[in-house]
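# Results of the structural survey
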Amino acid sequence: MEIEGQKIGRYHIQEHIGEGGMAQVYRAFDPEINRTVALKILKEEHCEDDERKSRFIKEGKAAGALTHPNIVTVYDVGQLDGAPYIMMELLEGQTLGDILEQDHKLDTDDVLSIAMQLASALDYAHGKGVVHRDMKPENIVLSPDNQSVKVADFGIARIESKSEKENTQVGMMLGTPRYMSPEQAGGKAVDGRSDLFAVGVILYEMITGKKAFDADSMHTLIMQIVQKDPLPIRQINSEAPVGLQKIVNKLLQKKPEKRFQTGRELLEALERERTVLREEEEES
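Residues numbered from 1 in each chain as written. Predicted model: local features only at pLDDT ≥ 70, side-chain atom pairs only at ≥ 80, totals over all residues. Heavy atoms only, no water.

## Things to note about the pairing of strand S4 (residues 35-42)
Along S4, six of the eight residues are buried, which leaves the element largely enclosed by surrounding structure. In this structure, strand S3 (residues 23-30) lies alongside S4, joined through eight bridges in antiparallel fashion. When the bridges of S4 are listed, Asp 30 appears paired with Arg 35. (Buried < 20%, exposed > 50% of the residue type's maximum accessible area, 1.4 Å probe, protein only. Helix = DSSP H or I, 4+ residues; strand = E, 2+ residues; numbered from the N terminus. Pairing = 2+ DSSP bridges.)

## Focus: the pattern of salt bridges
Inspection of the entire model under this criterion finds ten salt bridges. Across the pair Lys 136 and Asp 134 runs a salt bridge whose closest N-O atoms are separated by 3.8 Å. Given a relative accessible area of 18%, Lys 136 falls into the buried group. Between Arg 178 and Asp 214 there is a salt bridge, with the nearest N and O atoms lying 2.8 Å from each other. (Salt bridge = Lys/Arg side-chain N within 4 Å of Asp/Glu carboxyl O.)

## Here's the deal with the nonpolar core
Formed by 80 residues in total, the largest nonpolar core has its most connected members in Leu 96, Met 135, Phe 154, Met 206, Leu 266 and Leu 270. Excluding residues that lie within four positions of it along the chain, Leu 266 makes contacts with Ala 119, Leu 196, Val 199, Ile 247, Leu 251 and Phe 260. (Core = buried A, V, L, I, M, F, W, Y, C linked by side-chain atoms within 4.5 Å. Contact = heavy atoms within 4.5 Å.)

## Comments concerning the environment of His 104
Positionally, His 104 belongs in the loop between helix H2 (96-103) and helix H3 (108-127). With 102 residues separating them along the chain, His 104 and Met 206 place their C-alpha atoms 7.3 Å apart. Dropping the residues within four chain positions of it, His 104 is found in contact with Ile 99, Glu 205 and Gly 209.

## Examining the packing of aromatic side chains
In this structure the tally under the stated criterion is one aromatic pair. It is Lys 250 that lies over the ring of Phe 260; its NZ or CZ is 4.7 Å from the centre. (Phe/Tyr/Trp six-rings, centres within 6.5 Å; stacked < 30°, edge-to-face > 60°. Lys NZ or Arg CZ within 6 Å of the ring centre and 35° of its normal.)

Here it is as structure tokens:
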């Protein structure tokens, strides 16, 4: 579908700027408020797949219900010639995945800053009944100055409501395998604590420069996530603060009830750790 130069409502479609597994992404312009935005439109080959179409529309509705400084803003959701689209904030900067590939591991201040923003974003989303279910470095975008974080791609998010609850069917896995929680890898129902497990996997990678779970086959990877603890952080990065290691270890507990139960709990733990580290710096 060639849409450069077209108009969708008041938006002028300017140029193709990228693509993912399910969607093409275009730069667009809203002349009424002089704002450049991103148009994400489902690929033609997926438009005949009702499940993919439904999931894509759900992404727009899930993210569109959220207003938070650390979550990408969705402006509009609609369809063009049968293809659903999402008009959203155009994010400048690199993904955390890009940064990890370049730097391998991040310093403690950066880890804490990113982690606190993720915790805040997820606490807010979970409070609105939205579980992301695909938290990974590629879905975390850092601003050009690396100071602020935005969580993107609520593409398989679940919206909870009292009238209708959707649970993942047993054996049906959604999300990126390397960052899945044990319950998600097992095809079980998930809640916000599954997103927090994924944050633990991401923090482990930021601190060590290594993947928490790494295998050549999907089967082995799933077995690791469900049954095996990753190599202790201290064995890879002996300089990592003990308090931060404990936070990651708690996030990576196999049983959801043993993890932090909310993003707020995680945020408070991270704030305490940052305070302790700053006091230690002042004393030294």
